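Results of the structural survey
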Amino acid sequence: MQTERVTFLTTPENKAALDSYASGAGKSVGHVLREASTRYLAGEQSEADSYDEALALVLPELEISLAKWNRQLDAMNESIDRACAAIDRALAGDPA
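Keep in mind the model is a prediction, meaning the values are calculated, not measured.

How each quantity is defined
Residues numbered from 1 in each chain as written. Predicted model: local features only at pLDDT ≥ 70, side-chain atom pairs only at ≥ 80, totals over all residues. Heavy atoms only, no water. Helix = DSSP H or I, 4+ residues; strand = E, 2+ residues; numbered from the N terminus. Rg over C-alpha atoms; globule rule 2.2 N^0.38 Å. Buried < 20%, exposed > 50% of the residue type's maximum accessible area, 1.4 Å probe, protein only. Areas by Shrake-Rupley, 256 points an atom, 1.4 Å probe, with all protein chains shown as cover. Lys, Arg positive; Asp, Glu negative; His and termini not counted. Charge placed at Lys NZ, Arg CZ, Asp CG, Glu CD. pLDDT = per-residue confidence, 0-100. Salt bridge = Lys/Arg side-chain N within 4 Å of Asp/Glu carboxyl O. Expected span 1.5 Å × (residues − 1). Patch = residues over 30% accessible without salt bridge, like charges linked within 9 Å, V, L, I, M, F, W, Y side chains within 5 Å. Axes fitted to C-alpha atoms, helices over the stretch in contact; angles between N-to-C directions. Parallel < 35°, antiparallel > 145°, perpendicular 65-115°, else oblique. Contact = heavy atoms within 4.5 Å. Nonpolar A, V, L, I, M, F, W, Y, C, P; charged D, E, K, R; others polar.

1. Looking at the overall build of the chain
Each helix and strand counted, the chain has three helices and zero strands in total. Counted from the first residue to the last, the chain has its helices and strands arranged as α-α-α. Its C-alpha atoms give the chain a radius of gyration of 30 Å, clearly above 12 Å, the size a compact globule of 96 residues would have. With respect to the three principal axes, the spread of C-alpha positions in the chain is 95 × 25 × 25 Å. Looking at the chain as a whole, 3% of its 96 residues are labelled buried. With an accessible surface of roughly 8600 Å², the chain has 58% of that area assigned to carbon and sulfur atoms. Across the chain, the centroid of the 9 positively charged side chains sits 6 Å from that of the 16 negatively charged ones.

In structure tokens form, the structure reads like this:
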């Protein structure tokens, strides 16, 4: 297999992260970069892309549920307020 050298510049922090990741995976930095670039060129989604896609799907449902829960909580608060008012009237001797 014929190979060619590719050189790129990155920040010291990114280089340290690459070194750490590769070391932890038991691979060379070159191997990690070859895998990543192959996946990227093949059009595979990154984990962040998958997360964003899932979030975009669930967010509208969550917004609907939150609105429903807020309405239910408002109704419960109104019911509690009415019950408290009735208790206050009963304790005050008001028959209404």
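2. Observations regarding the confidence of the model for the chain
Detailed reading of the predicted coordinates is not advisable wherever pLDDT is low. Here the chain averages 89 in pLDDT, while 93% of its residues score no lower than 70. Mean pLDDT values for the elements of the chain range from 88 in helix α2 (residues 29-42) up to 92 in helix α1 (residues 12-25).

3. Some remarks on the environment of Lys15
In this fold, Lys15 is placed in helix α1. As for Lys15 and Val29, which are separated by 14 residues in sequence, their C-alpha atoms are 9.1 Å apart.

4. Notes on the pattern of salt bridges
Under the definition given, this model contains two salt bridges. Salt-bridge contacts for Lys27 lead to Glu35; the nearest nitrogen and oxygen are separated by 3.2 Å. What makes Lys27 partly exposed here is its relative accessible area of 34%.

5. Remarks on α1
Because an α-helix packs 3.6 residues into every turn, residues spaced three or four apart end up facing the same way. Across its 14 residues, α1 extends 20 Å between first and last C-alpha, which sits within 8% of the 20 Å expected from 1.5 Å per residue. Once α1 finishes, Gly26 follows within two positions and takes phi at roughly 70°, a positive value.

6. Section: a nonpolar patch on the surface
On the surface, Tyr51, Leu55, Val58, Leu59, Leu62, Leu66 and Trp69 cluster together to form a nonpolar patch covering roughly 660 Å² of accessible area. The residue Trp69 is located in helix α3 (residues 47-91) in this model.

7. A short note on the packing of α1 against α2
Look at α1 against α2: their axes get within 8 Å of each other, and the N-to-C directions meet at 95°. Taken together, the axis directions place α1 and α2 in an arrangement best described as roughly perpendicular. Here α1 contributes Leu18, Asp19, Tyr21 and Ala22 to the contact with α2, which in turn contributes Val29, Val32 and Leu33. Its residues placed into classes, the contact of α1 with α2 shows six nonpolar, no polar and one charged.

8. A few points about the environment of Leu18
Mapped onto the fold, Leu18 is located in helix α1. Expressed as a C-alpha distance, the spacing of Leu18 and Val29, which sit eleven residues apart in the sequence, is 6.3 Å. With near-sequence residues (within four places) excluded, Leu18 lies in contact with Phe8, Val29 and Leu33.

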